[in-house]
Amino acid sequence: MSDPATPPRSLAEALRQRDDASLAALLRARPDLITPVPTDLTQLATRAGTRASVVRALERLDRFALQTAEALAVAADPASYGELLGLMTGDAGDPAVAAALPRAVGTLREQALVWGDDERLRLVRTARELLAPSPQHPSPTGLGPTVREATAGMSPGRIQEIVTAAGLPSTHDSVSAVAALGELFGDRERMAALLAGLPEESREVLARLVWGPPYGQVTAEPAAHLRRLLDRGLLLPTAPGTVVLPREVALHLRGGRAHRAVEALPPALEPAAVHRPQVVDATAAGQAYTALAMVEELLKDWHEGGPAVLRAGGLSVRDLKRTAVALDVAEPVAAFWVELAYAAGLLASDGEADERFAATPAYDEWLEQPAARRWTRLTEAWLTATRTAGLVGGRDAKDRTLSALGPGLDRSAAPEVRHRVLTLLAGLPEGTAPSADSVLARLRWERPLRGPQQDDDLRGRLARWALSEAEMLGVTGRGALSAHGRALLGARAAAAQEAPPAAEGPGDKLPFHHVPVAVEPLSAVEQASASAAAARLLAPLLPEPLDHVLLQADLTAVAPGPLQRPLADMLGVLADVESKGGATVYRFTPGSVRRALDAGRTASDLHAFLAAHSRTPVPQPLAYLIDDVARRHGHLRVGAASAYVRCDDDALLNEIMADRRAAALRLRRLAPTVLATQADPATLLEGLRAMGFAPAAESAEGDVLIARADAHRTPPRTAPAPVPDGPPTPDATLLAAAIRAVRAGDLASTTPRKQAPLGSGELPRTSPAETLATMQAAVLTGEALWIGYVNAEGAASQRVIAPIRVEGGFVTAYDHTADEVRTYPLHRVTGVAELADEG
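Small disclaimer: the values here were computed from a predicted structure and weren't measured. (Residues numbered from 1 in each chain as written. Predicted model: local features only at pLDDT ≥ 70, side-chain atom pairs only at ≥ 80, totals over all residues. Heavy atoms only, no water.)

(A) Structural context of the overall build of the protein. Per the secondary structure count, the protein includes 34 helices and 25 strands. A compact globule built from 839 residues would reach a C-alpha radius of gyration of about 28 Å, whereas the protein, at 39 Å, exceeds it by more than 25%. Considering only C-alpha atoms, the protein reaches an extent of 125 × 90 × 50 Å along its principal axes. Every one of the 839 residues in the protein was classed for burial, and the buried ones make up 47%. Across the protein, contacts joining residues at least 24 apart in sequence account for 67% of those joining residues at least 6 apart. Looking at the protein as shown, the accessible area adds up to about 39500 Å², and 55% of this sits on carbon and sulfur atoms. (Helix = DSSP H or I, 4+ residues; strand = E, 2+ residues; numbered from the N terminus. Rg over C-alpha atoms; globule rule 2.2 N^0.38 Å. Buried < 20%, exposed > 50% of the residue type's maximum accessible area, 1.4 Å probe, protein only. Contact = heavy atoms within 4.5 Å. Areas by Shrake-Rupley, 256 points an atom, 1.4 Å probe, with all protein chains shown as cover.)

In structure tokens form, the structure reads like this:
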């Protein structure tokens, strides 16, 4: 580790001065730096300065930290902390900004975007290139180029004319003239005197350009008030007909501020309403029950095989509309329930030749779980899913319609936005519902939009969808986070503090954030514990399933609440759902009763079932309906001839043959009690039932076939894997191993050697005899050696080892690079050199 008292000369040296905790904070904040693990701190610094990594780091800064980086980009390189403070607070000062600035600088230091002590703060070169003003990429500060940059292509004679017009003595060269002009524009008193001598029209021109954009247009013969500005260098030409306000002039006119408005603190969440926590929990529990019912109804509607899969994948617009009608919801809401079931692994394509969507075997397991556990299964899938139902119906980059269950719906930022929205709600007092606009404003402050993102505020749309989806799922109630929703986030997120910590001094170099950051999503073990806690809180709030219905004389049954699953399943076969709501109304029809008989039930079974589960006597019309359908059920037998009909009552067969509706079946009599047809048995069954008969199918042996209501299921399927938003955040074990490897590799590459390599970056080269002798001597003295080593794959590396034993063509040594004892074949060692004595 470098001497902390010595100012670092590069980012790599600044990283060497960090302790392990600080390096871990860097790698945790920027996980792309650890993929793969760098060989040493120099490579880590190089990777931290690459364009892709810096862009990603800048996109994850909050607004104030980004404004601080933007101020450093327009400051001198390097800049002192005092200069930065002046750019952020201006001449008048701002106590709130001054108090928050140390934390912003600490954040930039922690993420290796800024390095150096408080007297020499340096923004990494790539970040400066991205944030510094240029004609192609204007700075958010609204500032233009410096005098030196703006006069780079100007003739020496013209520069001397500007210097003279500004009241400065002429110089012998352009460099000193430009420096003198810049010094003038940076001097408050002399600059004030220069501006005071200008007419009002000239000052108005400067006022229009001061906050940006700093560029303006002039004619070939500018007016007198513009000519005064051009003559004194207060406006400088950049191209024919284009002038720019130099940065030094703009900063003077702004009172030294780099930004028009500095947002040091995050915007507060504004409460839209405050409810009693009990009301919030009860409302959320009702929504949670509705969510379970929606998913069950969806998959029940698709239980015999759902809609066909489009050739390009996904659900057709027509099938989505039909599903929305079946669920009695709007199409975007139907798309959400479909996508949620898919994300939870309850729904998938069956993979058949005629591919269709259907429930998975996991759906049957899900149905057997308690209601609260089923709810946590859905919410866990929602929290981690990257598929975004809100995009359904939109267009992709190739102007193709995005369909539900189709490709192109993954947005890697979705889980992080959902988690952050719920964490913000968890930081409010219980029962408080924030306004959606204040939540969006907070998220925009935490992740401000830059460049092309401003035209597509994806995070804003994700946040709005997260608020509405959380309400539909019952995570929130009336806009406020419920108790079980709070438990779902886990104790760490629920206890997240929103108040900023006490201010630190400007010289503090410890890694810290100037506002509390979003709590990281829970690990699998933590999430399982949090889900169990949420289920315990939700379970008492859900309605208890009922074991009875109310039968009525109009052939209907009323379920005054949710029914126990065996009762609901049987009633779903025996009757048709007529209406839903707080109470579900079922209607008994000849077709529904026949459906129960086809499923293997007898008339006596149905009478006993209704008597056992009805709080009212079984109405006589319902009993008559069951007996009448049962009396005719199975009187006709249908088998394969292609198909045949047999019946002991030849008069009934005569009636069928005489019916005009039987013409399409093309029946012919084989015997007094047997009719045959070329139609298949299913078509024959359907045709006879349409004519008002109640035939039963039979096997080749003549036994009645029982048509059980077995649902169509896909083969076992796994839930779709979320698309990660870059490399995952490394855990503590990986961080510790990576830091140990980087430290050891840095030791190997930076330790002084008595024998220098043949060339920069080359491995040491010695003869086999010299290598062996040096190794044997080091065993006796216990000294460490620097070696070059080529592994079996041909990859060369440098290592620092302490030899323990040399025998049989192998050296056993403690490898400082790998931090373990290893054995190396001597023939793979390219050479050896002694390390220089320290001190």
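Once the structure has been displayed, the description carries forward.
(B) Main features of helix α31 (residues 650–658). Buried within α31 are the following residues: Leu652, Leu653 and Ile656. The buried residues of α31 occupy an angular sector of 100° when projected down its axis, which confines them to one face. Considering only its buried residues, α31 is in contact with β17 (643–646), β18 (668–671), β19 (674–677) and α32 (681–690). N-cap assignment for α31: the residue whose side-chain oxygen lies 3.1 Å from the backbone N of Ala651 is Asp649. (Arc of directions from axis to C-beta. Polar contact = N/O pair within 3.5 Å; in protein donor to acceptor, adjacent residues only side chain to side chain.)

(C) Main features of the packing of aromatic side chains. As enumerated under the stated definition, the model contains 4 aromatic pairs in all. For the ring pair Tyr789 and Tyr824, a centre distance of 4.8 Å and an interplane angle of 65° mean the geometry is edge-to-face. Placement of the pair is Tyr789 in strand β21 (residues 785–790) and Tyr824 in strand β24 (residues 820–825), with a sequence separation of 35 residues. Its end group placed over the ring of Trp366, Arg374 keeps NZ or CZ at 5.4 Å from the ring centre. (Phe/Tyr/Trp six-rings, centres within 6.5 Å; stacked < 30°, edge-to-face > 60°. Lys NZ or Arg CZ within 6 Å of the ring centre and 35° of its normal.)

(D) Summary view of unusual backbone geometry. Between Thr35 and Pro36 the backbone carries a cis peptide bond, its omega angle lying at -5°. Examined against the element boundaries, Pro36 turns out to sit in the loop between α2 (20–29) and α3 (41–48). In this structure, the amide linkage connecting Asp77 to the following residue, Pro78, adopts the cis form with an omega of 5°. Looking at where Pro78 falls in the secondary structure, it is placed in the loop between α5 (63–74) and α6 (81–89). Even without glycine at this site, Leu555 takes up a positive phi of about 65°. Among the structural elements, Leu555 can be located in the loop between β12 (550–552) and β13 (556–559). Exposure remark for Leu555: the relative accessible area of 23% places this residue in the partly exposed category. The phi dihedral of Arg666 is positive, around 55°, even though this residue is not glycine. Relative to the elements of secondary structure, Arg666 occurs in the loop between α31 and β18.

(E) Highlighting the sheet that holds β24. Overall, antiparallel pairing links the 5 strands, which are arranged β24-β23-β22-β21-β25 in an open sheet. Where the open sheet ends on each side, the last strands, each with one partner, are β24 and β25 (829–834). Neighbour-to-neighbour, the strand axes of the sheet open up by a mean angle of 45°, direction not taken into account. With 5 bridges joining them, β21 and β25 adopt antiparallel strand pairing. By the bridge assignment, Ile787 is partnered in β25 with Val832. Seen against the sheet, helix α34 (residues 768–781) touches β21, β22 (796–807), β23 (810–815) and β25 and runs at an angle of roughly 65° to β22. (Pairing = 2+ DSSP bridges. Axes fitted to C-alpha atoms, helices over the stretch in contact; angles between N-to-C directions.)

(F) Up close: empty space enclosed by the protein. All told, the structure shown has 4 cavities of 30 Å³ or more when counted by the stated rule. Within this model, the largest cavity holds a volume of roughly 90 Å³. If you go around the largest cavity, the residues you meet are Phe336, Glu339, Leu340, Ala343, Trp382, Ala385, Arg387, Ala389, Arg418 and Glu469. Top contributing element to the lining of the largest cavity by residue count: helix α18 (residues 331–343), with 4 residues. A class-by-class count of the residues in the lining of the largest cavity yields 6 nonpolar, no polar and 4 charged. Here the second largest cavity defines a volume of roughly 50 Å³. Forming the boundary of the second largest cavity are Leu23, Leu27, Ile34, Val37, Pro38, Leu41, Leu44, Ala738, Ile739 and Val742. Every element with two or more residues in the lining of the second largest cavity is listed here: α2, α3 and α33 (732–750). For the lining of the second largest cavity, the leading source of residues is α33, giving 3 residues. Taken together, the residues of the lining of the second largest cavity break down into 10 nonpolar, no polar and no charged. (1 Å grid on protein atoms, 1.4 Å probe; cavity = no way out; pocket = protein on both sides within 12 Å on 5 of 7 lines; lining within 4 Å. Points joined across faces, edges and corners; volume = space filled by probe spheres on them. Nonpolar A, V, L, I, M, F, W, Y, C, P; charged D, E, K, R; others polar.)

(G) Molecular detail of the side chain of Ser316. Along the chain, Ser316 falls in the loop between α16 (277–301) and α17 (317–327). With relative accessibility at 14%, the residue Ser316 sits in the buried group. Only 3.0 Å separates the side chain of Ser316 from the side chain of Asp319, close enough to count as a polar contact.

(H) Structural context of the sheet that holds strand β14 (residues 576–579). Ordered by their spatial adjacency, 4 strands build an open sheet running β12-β13-β15-β14, and the pairing between neighbours is antiparallel. In this open sheet, the two edge strands, each paired with only one partner strand, are β12 and β14. When strand polarity is set aside, the average angle formed by the axes of neighbouring strands in this sheet is 30°. Looking at chain direction, β12 and β13 are connected through 3 bridges and run antiparallel. Within the sheet, the bridge partner assigned to Leu550 lies in β13 and is Val558.

(I) Main features of helix α29 (residues 603–613). Those residues of α29 that sit buried are Ala603, Leu606, Phe609 and Leu610. One side of α29 holds all its buried residues, which, seen down the axis, span an arc of 125°. Opposite the buried face of α29, at more than 90 degrees from it, the exposed residues are Ser604, Ala611 and Ala612. The elements touched by buried residues of α29 are β12, α27 (565–574), α28 (590–598) and α30 (620–632).

(J) Main features of the side chain of Arg374. Its place among the elements puts Arg374 in helix α20 (residues 371–384). The class for Arg374 is buried, based on a relative accessible area of 8%.

(K) Spatial organisation of the environment of Arg260. With respect to the helices and strands, Arg260 occurs in the loop between α15 (247–253) and β6 (271–274). Looking at Arg260, the relative accessible area reads 62%, which means it is exposed. It is 51 Å that separates the C-alpha atoms of Arg260 and Thr817, two residues lying 557 residues apart in sequence.

(L) Up close: the pattern of salt bridges. For the structure on display, the rule yields 35 salt bridges. Two residues, Glu416 and Arg447, come together in a salt bridge whose shortest N-O distance is 3.9 Å. Of this pair, Glu416 sits in helix α21 (residues 414–426) while Arg447 sits in the loop between α22 (436–446) and α23 (458–473), and the two are 31 residues apart along the sequence. Arg447 sits in the buried class, given a relative accessible area of 17%. One continuous salt-bridge network, built from bridges that share partners, spans Asp77, Arg122 and Arg128. (Salt bridge = Lys/Arg side-chain N within 4 Å of Asp/Glu carboxyl O.)

(M) Geometry of the nonpolar core. Among the nonpolar cores identified, the biggest contains 90 residues, and Phe64, Phe185, Leu234 and Leu235 are the most heavily contacted of them. In terms of residues, this core owes the most to one element, α5, which gives 8 residues. If we skip the residues at most four places from it in the chain, Leu234 touches Phe185, Met191, Leu194, Leu195, Leu198, Leu206, Leu229, Val244, Leu245, Pro246 and Val249. Counting residues in each nonpolar core, the second largest holds 67 residues, with Trp302, Leu340, Tyr363 and Trp382 among its members. (Core = buried A, V, L, I, M, F, W, Y, C linked by side-chain atoms within 4.5 Å.)

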